[in-house]
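# Observations on the model geometry
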2 protein chains.
Amino acid sequence: MESRISIITLGVQDLEQSYQFYHQGLGFPTTWKPEQGIIFFQTRGVRLALYPSEKLAEDVDPNFPKERSRFSGITLAHNTRTKTEVDEILACAQKAGGKIEKPAQIAHWGGYSGYFSDLDGHLWEVAWAESWEFNDDGSLVV
Amino acid sequence: MESRISIITLGVQDLEQSYQFYHQGLGFPTTWKPEQGIIFFQTRGVRLALYPSEKLAEDVDPNFPKERSRFSGITLAHNTRTKTEVDEILACAQKAGGKIEKPAQIAHWGGYSGYFSDLDGHLWEVAWAESWEFNDDGSLVV
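Quick notes on the rules
- Residues numbered from 1 in each chain as written.
- Chains lettered and ligands numbered in written order.
- Predicted model: local features only at pLDDT ≥ 70, side-chain atom pairs only at ≥ 80, totals over all residues.
- Heavy atoms only, no water.
- Contact = heavy atoms within 4.5 Å.
- Buried area = accessible area lost by both parts, 1.4 Å probe.
- Salt bridge = Lys/Arg side-chain N within 4 Å of Asp/Glu carboxyl O.
- Polar contact = N/O pair within 3.5 Å; in protein donor to acceptor, adjacent residues only side chain to side chain.
- Helix = DSSP H or I, 4+ residues; strand = E, 2+ residues; numbered from the N terminus.
- Nonpolar A, V, L, I, M, F, W, Y, C, P; charged D, E, K, R; others polar.
- Least-squares fit on C-alpha atoms with pLDDT ≥ 70 in both.
- Buried < 20%, exposed > 50% of the residue type's maximum accessible area, 1.4 Å probe, protein only.

On to the interface of chain B and chain A, then. The interface is formed by 64 residues belonging to chain B together with 64 residues belonging to chain A. Buried area between chain B and chain A, summed over both chains or domains, comes out near 6200 Å², and the portion from carbon and sulfur atoms is 60%. When the buried area of chain B at its contact with chain A is split by residue, Met 1, Arg 4 and Phe 71 of chain B rank highest and sum to 14% of it. Where chain B touches chain A, the interface holds two salt bridges. One salt bridge connects Asp 59 of chain B with Lys 102 of chain A, and the closest N-O pair in it is separated by 3.8 Å. Linking chain B to chain A there are 15 residue pairs in polar contact (both at pLDDT 80 or more). At the level of elements, β1 (7-12), β3 (47-52), α2 (53-60), β4 (74-79), β5 (99-106) and β7 (123-128) of chain B are the ones that each hand at least two residues to the side of chain B that touches chain A. No other element matches the six residues that β4 of chain B contributes to the side of chain B that touches chain A. Taken together, the residues of the side of chain B that touches chain A break down into 30 nonpolar, 19 polar and 15 charged.

So, in structure tokens, the structure goes:
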């Protein structure tokens, strides 16, 4: 198996509102429209998709439980090239209707980091550290 | 905000066992070891990380609820270049200790797709479709 994730799909309650949040609010580009039933964003590397939460559970199995706890056990991270971007992106997410779960602060590992959740509670960490290096495509040097 | 996800972190109950699952079982490369408390894999584009589930909730906020339902509301997809790879990867995941949630089958959208869950129930779709195109870095043309 190639060590590669192609798509992250977030289950959402309201596809139209979540489309607005990510497209207008955060500025994620896409040519897809909510009428098409699913949205694919032109993210770099891994693709981000939005799909109605109930349908996503049904796609796994018609009997798969659809209830979700507040904590999904998964976080998405957006790592920035500058420290000021962390504050700017958290402010942008809040303005777009997201919730600040943790204001930006010095993290125990030495970086500068905060969390917001989207309209469905999906958790995004926005973080910066002086030591990080980026490849030309924006991916992190690990 | 650049439309880019840097890292996906999966909360896991047992870092050593999950490391074995992804590293030995699925063949994801890494130089990290469980003793370091977190594992980063050298995935293409987006980075995949494993981190103890309770600590991941605490990283959001010390009071963030740690309980997780079976459905996270998030799926990760691995899109293959050939149809036979879908069966091979599902078999590999099962052999590594994963659970087949949906055997590979013709999907309603015309592709060939199945689901497995990892040791903590994180859902992976393995899918192929004739119409998909891949960039040189393995990312999907959207």
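After presenting the structure, the write-up continues.
Superposing chain B onto chain A requires a rotation of 180° together with a translation of 0.0 Å along the rotation axis, leaving an RMSD of 0.0 Å. Here the transformation between the copies is reduced to the relation of a two-fold axis. Looking at chain B, 100% of its interface residues are interface residues in chain A too, so the copies touch through the same face.

Glancing now at the environment of His 23 of chain B. Residues and elements named next belong to chain B. Position of His 23 relative to the elements: it lies in helix α1 (residues 15-25). On a C-alpha basis, the gap between His 23 and Phe 41 in space is 8.4 Å, while along the polypeptide they are 18 residues apart. His 23 has contacts with Phe 28, Pro 29, Thr 30 and Phe 41, leaving out every residue within four places of it along the chain.

Once that is clear, we can look at the pattern of salt bridges. One pass over the structure, following the stated rule, counts eight salt bridges over all chains. The residue Arg 70 of chain A makes a salt bridge to Glu 101 of chain A at a minimum N-O spacing of 3.0 Å. Here Arg 70 of chain A, found in the loop between α2 (53-60) and β4 (74-79), pairs with Glu 101 of chain A, found in strand β5 (residues 99-106); they are 31 residues apart in sequence, far enough to count as distant. You can call Arg 70 of chain A partly exposed: its relative accessible area is 43%. One salt bridge connects Lys 99 of chain B with Glu 101 of chain B, and the closest N-O pair in it is separated by 3.9 Å. Owing to a relative accessible area of 46%, Lys 99 of chain B belongs among the partly exposed residues under this scheme. With relative accessibility at 12%, the residue Glu 101 of chain B sits in the buried group.

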